2 protein chains.
Amino acid sequence: MTYCVALKVRDGLVLTSDSRTNAGVDHIASFRKLHVLEIPGERVIFIQSAGNLATTQSVISLLQHQIKSSERHALNVPTLFDVAELVGKTIREVIQRDSYQNQGPNQGVDFSCNMLVSGQIKGDEPRLYHVYPQGNFIEACEDTPYFQIGESKYGKPILDRVVTFSTGLDKALQCALISMDSTLRSNLSVGMPLDLITYEEGLLENPGIRRVDETTEPFMKLRSAWSEGIRALFDSIPLYMKGE
Amino acid sequence: MTYCVALKVRDGLVLTSDSRTNAGVDHIASFRKLHVLEIPGERVIFIQSAGNLATTQSVISLLQHQIKSSERHALNVPTLFDVAELVGKTIREVIQRDSYQNQGPNQGVDFSCNMLVSGQIKGDEPRLYHVYPQGNFIEACEDTPYFQIGESKYGKPILDRVVTFSTGLDKALQCALISMDSTLRSNLSVGMPLDLITYEEGLLENPGIRRVDETTEPFMKLRSAWSEGIRALFDSIPLYMKGE
C-alpha cells in the first residue's frame, strides 16, 4: 500500500508521500510516488500516486511522453483543471489496456490507482485535485483543505482535529508529518523514506523534494516529541469515566 | 459499519462498542452490539459483533437457543476457548445458511461478521478472542492486549501509543474512549450511543453495561479535554521540519 497526503492552505501546498510498495509481504521495495512536471516561472505540477504500481508508473510515463509527442499535454493546457482531466483520461486508458490484455476477470488483480494532482499555473491560484481510478476528480476547497490516498484512515484523525485552510505552511507540514508518523507506526505497508514538498504560493517552480528517513534528525525529534507529548497528555487528563 | 474495541489488561477487561448500523446512508439505526451471557458467580461471557446485522443477530439468537436446547452450549462448556469455538461454528452455520438460500453469488451482499468473545470462567483467568467470519479465532496476549473489529483504523494509533498489558482498568477505559472518539469524528458510519463494560478480574458476573451518549457529561468532558489537549500539544511542539 501507500500513504500520500496533500494540503492546500492559504499560503500554498504541502505534500508528503511514503515510498513503500508491496505485493504481499515478500515483495517490498521503495519507489518514488511524488512526481514533478514544470516550466519554471510559468507552471509547476505535482502528482502523487497510490495503487497498482504498474498502472501509476505507466500513467506518469505516458504523461511525460505526451509532452514530446502530443499537441495537448500537461505543460501546455491552460488550467490545472485540464491537467487533472488529462491525468484522469490517461488512468482510464492504462487500466483499460491492462484489463483488456488479460481478457478476463483480471486474475484477481486490482489495476486501479488514485492520484493527487496539485500545483500552480501563472495567473491562477494553487489548486489540488483527487483523481479517481474512474478518471473523474474532485477539487479541494476551503472547507476541505486536504486529500489523502492509500492507507488514509490511521492518519485522518489528527488532520481532522488540527488543520484548517488558514493553517500556516510550516504548521501544515508538521501536521502532515504527524499524520504520516501515526500511519507508519500502525501499518507495515507504509514505510520510509518519505518525500516532502512545501510549495509557497506564487513560486511557480519546483521548490525541491526533501527526502526524510530514519537518519533525518528533525523528523526523529518530531516523532519522539509527539509520541511523548501524547503519552503525557493522556496521563494528565482526569479519569472522567472512571468505573462506577 | 461499526467500531468495537476490547482490551485485556492485567486487572481485567475493558469493552466498548458503538451502536450504529447502516445499509447505505439512508438506513441508519441503533442496535446493541455488546451482549452478555452469564451464570453469576461461575462465568460471564461478553460478545461484541461487527458486520452483517442479520448474521450477527442470528448468531446471538442461536447461541441463546443452544442454552435451552443443546447439550453443549456457551454456559456449560469448560473453557472460554470452547465458547470461542462454539461462536465460530455458529457463525459458519449462519453464513452457510444465508449463502445457500440465495443459491448464487449472494446478490453482492456480504454476509460476513467478526466477533470479539471475552469473559471469565471460574478457575481460569479472563480471556479475549477475536473470531473471524471463517469461524477460526485468535487470542489476545500480553504482547497484544487488544483487539478491534469494524472501522478499526482511525482509532488504532492511540491504542498503539498508549496501552500495554500493565495499563490500569480506568486508564484502559479512557484510552478505549479516546480511540472511539477519534473514530466517531472521522467516520460517519460509527455513531453513539456507546456501550461500555469495565470488568474486574474475579467478579464472575456482568458488572453492568454503561450507555454513553451526547448527554453523558463525563464523556463530553473527556472528548473536549482530549481535543483541546491535542491542539495545545500540536501548537507547543517546535517546528522541527520547517521549510528550508
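Rules of the game
Residues numbered from 1 in each chain as written. Chains lettered and ligands numbered in written order. Predicted model: local features only at pLDDT ≥ 70, side-chain atom pairs only at ≥ 80, totals over all residues. Heavy atoms only, no water. pLDDT = per-residue confidence, 0-100. Helix = DSSP H or I, 4+ residues; strand = E, 2+ residues; numbered from the N terminus. Buried < 20%, exposed > 50% of the residue type's maximum accessible area, 1.4 Å probe, protein only. Contact = heavy atoms within 4.5 Å. Pairing = 2+ DSSP bridges. Axes fitted to C-alpha atoms, helices over the stretch in contact; angles between N-to-C directions. Buried area = accessible area lost by both parts, 1.4 Å probe. Salt bridge = Lys/Arg side-chain N within 4 Å of Asp/Glu carboxyl O. Polar contact = N/O pair within 3.5 Å; in protein donor to acceptor, adjacent residues only side chain to side chain. Least-squares fit on C-alpha atoms with pLDDT ≥ 70 in both.

A.B. asks: I tried to follow the confidence of the model for chain A on my own but got confused; where do I start?
C.D. replies: In low-pLDDT regions, the fine details of the predicted coordinates are not to be read closely. Confidence in the prediction for chain A averages 90 pLDDT; 92% of positions are at 70 or higher. Across the predicted assembly, pTM comes out at 0.86 and ipTM at 0.84.

A.B. asks: What exactly am I supposed to notice about the side chain of A:Gln174 here?
C.D. replies: By the secondary structure assignment, A:Gln174 is in helix α4 (residues 169-186). With a relative accessible area of 1%, A:Gln174 lands in the buried category. If near-sequence neighbours (up to four positions away) are discounted, A:Gln174 is found in contact with A:Leu222, B:Phe234, B:Ile237, B:Pro238, B:Leu239, B:Tyr240 and B:Met241.

A.B. asks: Sorry if this is basic, but what is going on with the sheet that holds strand β10 (residues 146-150) of chain B here?
C.D. replies: Residues and elements named next belong to chain B. The five strands lie next to each other as β10-β1-β2-β11-β12, forming an open sheet whose pairing is antiparallel. Looking along the sheet, the strands with just one partner apiece sit at the ends: β10 and β12 (210-212). Sheet twist, expressed as the average angle between the axes of neighbouring strands with direction ignored, equals 15°. Relative to β12, strand β11 (residues 194-200) runs antiparallel, the two sharing three bridges.

A.B. asks: Can you walk me through the interface of chain A and chain B in this structure?
C.D. replies: Note: interface size is frequently given as the accessible area lost on complex formation between the parts. Contacts between the two partners involve 44 residues from chain A and, on the opposite side, 44 residues from chain B. Between chain A and chain B, the buried area comes to about 4,500 Å², and carbon and sulfur atoms account for 65% of it. Ranking the residues of chain A by area buried against chain B places A:Arg161, A:Phe234 and A:Met241 at the top, with a combined share of 22%. Inspection of the chain A/chain B interface yields six salt bridges. Close ionic contact of B:Lys153 with A:Glu151 constitutes a salt bridge, the shortest N to O distance being 3.0 Å. Counting across the interface, chain A meets chain B through 20 residue pairs in polar contact (both at pLDDT 80 or more). Listing elements by their share of the side of chain A that touches chain B, those giving two or more residues are α3 (156-162), α4, β12 (210-212) and α5 (217-236) of chain A.

A.B. asks: Just checking my understanding: could you explain the pairing of strand β2 (residues 12-17) of chain A for this structure?
C.D. replies: Within a regular beta strand, the side chains point alternately toward one face of the sheet and then the other, so they alternate between its two faces. All names here are of chain A. Of all six residues that make up β2, six are buried, and the element is covered over most of its length. Bridge count between strand β1 (residues 3-9) and β2: six bridges; the pairing is antiparallel. Counterpart to Lys-8 in the pairing with β2 is Leu-13. With antiparallel pairing between neighbouring strands as the criterion, β1 and β2 make up a hairpin whose turn holds two residues. With six bridges connecting them, β2 and strand β11 (residues 194-200) associate as antiparallel partners. Each bridged residue has a counterpart across the sheet, and for Gly-12 the counterpart in β11 is Glu-200.

A.B. asks: Sorry, what's going on with the relation of the copies chain A and chain B here?
C.D. replies: Each of the two copies of the chain can be brought onto the other by a rotation about an axis and a shift along it. Once turned by 180° and shifted 0.0 Å along the axis, chain A lies on chain B with an RMSD of 0.0 Å. Read as a symmetry element, the transformation amounts to a two-fold axis. If distances are taken from each C-alpha of chain A to the rotation axis, the shortest is found for A:Tyr154, at 2.3 Å. Both copies share a contact surface, since 100% of the interface residues of chain A are interface residues in chain B too.

A.B. asks: What am I meant to see in the pattern of salt bridges here?
C.D. replies: If charged atoms from side chains of opposite charge come close, those side chains can pair. All told, the structure shown has 38 salt bridges over all chains when counted by the stated rule. The partner of A:Asp195 in a salt bridge is A:Arg32, with the nearest N and O atoms 3.3 Å apart. A residue pair is termed long-range when its members are at least 10 positions apart, and A:Asp195 in strand β11 and A:Arg32 in the loop between β4 (27-30) and β5 (34-39) qualify at 163 residues. A salt bridge links B:Asp160 to B:Lys156; its shortest N-O distance comes to 3.0 Å. With B:Asp160 and B:Lys156 both in helix α3 (residues 156-162), this residue pair falls four residues apart, about one helical turn. For B:Asp160, a relative accessible area of 32% puts it in the partly exposed group. Here the residues in one salt-bridge network are A:Lys8, A:Asp124, A:Glu125, A:Arg127 and A:Glu139, joined through shared partners.

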